Amino acid sequence: MLSSIIFYSLDKAIRQYRRMAQANIDRAGIAITIDQWLVLRVIQENDDLTQTDIAERVFKDQASVARIIRLLLERGLLLAEPLPHDGRRTQLRVSVAGQHTLDAVQPVVLSNRAVALNGLSENDLNTLRFLLEQISTNCGAPQR
């Protein structure tokens, strides 16, 4: 039975969370997707990353991240500034409009997290973090 497979349950929880989170962002009237928000947040926190670095941090393929970045640039939520020492690269920065969007989304994000984690203690969350990190480590370990 699928429900007895832990990865099925994990994927189901993540998908349910993303559906709820996106619905709440939409209901708040904020025109951004969760993936766009993730890319903006990563760039806000680290404005010296390459698209490859961003893709790794948001768990998306490079083509998807390139599309998201292009859209965020077109909407004025990101700025691309040429790097003086490398004319082939640009540095991405969150624009003022992008920062306003991030600020508007933040209370929705916090509310979404509170709903999703309702009934879980800090100890539960620490255990869950530890277990998920262990699974991640196991999956990243070389296979014999």
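Before reading on, note that the structure itself is shown above.
Note that this is a predicted model, so its numbers are computed, not measured.

Asks: What am I meant to see in the packing of helix H2 (residues 34-45) against helix H3 (residues 51-58) here?
Replies: At a closest axis distance of 10 Å, the pairing of H2 and H3 adopts a crossing angle of 120 degrees. By the criterion of interaxial angle, the relationship of H2 to H3 is oblique. Between H2 and H3 lies a crossing whose hand is right-handed. Across the interface between the two elements, Leu38, Val39, Val42 and Ile43 of H2 pack against Ile54, Arg57 and Val58 of H3.

Asks: I keep staring at the pattern of salt bridges and nothing clicks. Help me out?
Replies: As a working rule, side chains carrying opposite charge can pair if their charged atoms are close by. Throughout the structure, instances matching the rule amount to six salt bridges. Close ionic contact of aspartate 35 with arginine 18 constitutes a salt bridge, the shortest N to O distance being 2.7 Å. Highlighted residues: aspartate 35 in helix H2 and arginine 18 in helix H1 (residues 6-27), separated in sequence by 17 residues. Owing to a relative accessible area of 18%, aspartate 35 belongs among the buried residues under this scheme. As a salt-bridge pair, arginine 41 and glutamate 45 come within 2.8 Å of each other at their nearest N and O atoms.

Asks: Where do I start with unusual backbone geometry in this structure?
Replies: Glycine aside, residues mostly have negative phi, and peptide bonds are mostly found in the trans state. The phi dihedral of phenylalanine 59 falls on the positive side, at around 60 degrees, and the residue is not glycine. Among the secondary structure elements, phenylalanine 59 is positioned in the loop between H3 and helix H4 (62-74). We classify phenylalanine 59 as exposed; its relative accessible area is 75%.

Asks: Would you mind going over the side chain of glutamine 91 with me for this structure?
Replies: One can find glutamine 91 in strand S2 (residues 86-94). Taking the relative accessible area as the measure of exposure, glutamine 91 reaches 17% and is therefore buried. Here arginine 93 takes part through its side chain, which lies 3.1 Å from a polar atom of the side chain of glutamine 91. Leave out the neighbours within four places in its chain, and glutamine 91 touches Asp47, Asp48, Leu79, Ala80, Glu81 and Leu83.

What counts and what doesn't
Counting restarts for each chain: residues are numbered from 1 in the order of the written sequence. For a predicted model such as this one, the threshold for reporting local features is a pLDDT of at least 70, and the threshold for listing and counting side-chain atom pairs is 80 or more; totals across whole chains, interfaces and linings nevertheless cover every residue. Side-chain descriptors were evaluated using all non-hydrogen atoms of the structure, hydrogens and water having been removed beforehand. Think of each axis as a best-fit line through the C-alpha atoms, taken over the contacting stretch in the case of a helix, with angles from 0 to 180 degrees between the N-to-C directions. Counting from the N terminus, the helices are DSSP H or I runs at least four residues long and the strands are E runs at least two residues long. Should an angle fall under 35 degrees it is called roughly parallel, over 145 degrees roughly antiparallel, and 65 to 115 degrees roughly perpendicular, with every other angle called oblique. Crossing handedness is defined as follows: a turn of the near helix away from the far one that is anticlockwise and smaller than a right angle gives a left-handed crossing, while the clockwise case is right-handed. Only heavy atoms matter for contacts: two residues are in contact if any of them lie within 4.5 Å across the pair. One side-chain nitrogen of Lys or Arg within 4 Å of one carboxyl oxygen of Asp or Glu is enough to make a salt bridge. When a residue's accessible area, from a 1.4 Å probe over protein chains only, is under 20% of the maximum for its type it is buried; when over 50% it is exposed; and in between it is partly exposed. In protein, a polar contact means a hydrogen-donor-capable atom and an acceptor-capable atom, both N or O and within 3.5 Å, with residues adjacent in sequence counting only if both atoms are side-chain atoms; elsewhere, any N or O pair within 3.5 Å suffices.

Function-wise, these values are silent; they only describe arrangement.
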